[in-house]
Amino acid sequence: MVRWERSVRSIERFLCPCGKGNFGTKHIVEEHEMFSDRTREEYEEFFECHECSKFYHRNGNKLIKNEDIQRLNELKGNLNSLSKQHYAYLSKTYRDQVIQFFTNTKKTVLWKMLSHRDIGISREGTVETFRKYLNKWGIESYVDSNIKDAFSYRKMVNLMQVKDAILEQKDNEMHEIIKQIRDETEAIKELWFVTKDI
Ligand SMILES: [Zn+2]
């Protein structure tokens, strides 16, 4: 059986908020018993303070309060479910129109629109592969398999310049929650506990 010699190459250690413990990362190297040039390495994180490890989450040499992360995750969860509802509304209301739009627009023009950096629905391939796909699988298949989330659907519908009060309302809800997430992320950064090396 092959044996590996395990040793700690270096330790990066930081003081925890209460000042009684520490946390950090161990750089561990394993050398092959027979061939010392064969090595494996890993980084092992440790948190040696029972109290602080209950309340903080690590982010490199910074610590974030668990409750702050939880609040942020809740907001992200809200965005996720809102975005699913948004997608459901868009695909239910606009699928036929989108397909119609595809049918009535010249493929080269359509391709340019879809691969434009502001739309970005089709970032890969060329206009030829796009055309081939449509010929082989059809427009419906393209729409259903490439416009799969609220953001791309919204961009697609945007190209068609529709007027829809419900949609505007939904857009506002989405923007509001995205803004909340951004603000919350900024606020949390202010509260990060920046630790010092010990
Ligand atoms: Zn502590």
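Computed from a predicted model, the values in this text were never measured in an experiment.

(A) Structural detail: the pairing of strand 2 (residues 22-32). Where strand 1 (residues 4-15) and strand 2 come together, 11 bridges link them in antiparallel fashion. When the bridges of strand 2 are listed, Trp 4 appears paired with His 32. Between the end of strand 1 and the start of strand 2, which pair antiparallel, lie six residues, with Gly 19 showing a positive phi angle near 85°. Sheet analysis places strand 2 next to strand 3 (residues 39-48), joined by 10 bridges and oriented antiparallel. By the bridge assignment for strand 3, Lys 26 is matched with Glu 44. In sequence, strand 2 turns back onto strand 3 through a hairpin of six residues.

(B) The arrangement of the sheet that holds strand 2 in detail. Ordered in space as 1-2-3, the three strands form an open sheet in which the pairing is antiparallel. In this open sheet, the two strands that pair with only one neighbour each are strand 1 and strand 3. Strand-to-strand twist in this sheet, taken as the mean axis angle between neighbours without regard to direction, amounts to 20°.

(C) Spatial organisation of the nonpolar core. By size, the foremost hydrophobic cluster in this structure holds 10 residues: Leu 90, Tyr 94, Val 98, Tyr 142, Val 143, Ile 147, Ala 150, Tyr 153, Met 156 and Val 157. Mapped by element, the contributors of at least two residues to this core are helix 2 (66-104), helix 5 (139-146) and helix 6 (150-159). In terms of residues, this core owes the most to one element, helix 6, which gives four residues. Of all hydrophobic cores here, the second largest spans six residues; its members include Phe 14, Cys 16, Phe 23 and Cys 52.

(D) Spatial organisation of the sheet that holds strand 6 (residues 193-194). If you trace the three strands from one edge of the open sheet to the other, you get 4-5-6, paired in antiparallel fashion. The outermost strands of the open sheet, each flanked by one partner alone, are strand 4 (56-59) and strand 6. Two strands pair when backbone bridges link them, and strand 4 and strand 5 (residues 62-65) are joined in this way by four bridges, in the antiparallel orientation. From the neighbouring strand, Arg 58 faces strand 5, where its bridge partner is Leu 63.

(E) Main features of the packing of helix 2 against helix 6. Running from N to C, helix 2 and helix 6 point in directions that differ by 35°, and their axes come no closer than 9 Å. For the pair helix 2 and helix 6, the sense of crossing is left-handed. In this structure, helix 2 contributes Ser 83, His 86, Tyr 87, Leu 90, Ser 91, Tyr 94 and Val 98 to the contact, and helix 6 contributes Ala 150, Tyr 153, Arg 154, Met 156 and Val 157. In terms of residue class, the contact of helix 2 with helix 6 is made up of eight nonpolar, three polar and one charged.

(F) Up close: the domain arrangement of the protein. One can read the domain layout of the protein as domain 1 (4-60) and domain 2 (68-191). The C-alpha centroid of domain 2 is placed 43 Å from the C-alpha centroid of domain 1.

Cut-offs used in this document
Residues numbered from 1 in each chain as written. Predicted model: local features only at pLDDT ≥ 70, side-chain atom pairs only at ≥ 80, totals over all residues. Pairing = 2+ DSSP bridges. Helix = DSSP H or I, 4+ residues; strand = E, 2+ residues; numbered from the N terminus. Axes fitted to C-alpha atoms, helices over the stretch in contact; angles between N-to-C directions. Core = buried A, V, L, I, M, F, W, Y, C linked by C-beta atoms within 7 Å. Buried ≥ 20, exposed ≤ 12 C-beta atoms within 10 Å, placed from the backbone. Left-handed = near helix turned anticlockwise from the far one by under 90°. Contact = placed C-beta atoms within 7 Å. Nonpolar A, V, L, I, M, F, W, Y, C, P; charged D, E, K, R; others polar. Domains from an automatic or database assignment.

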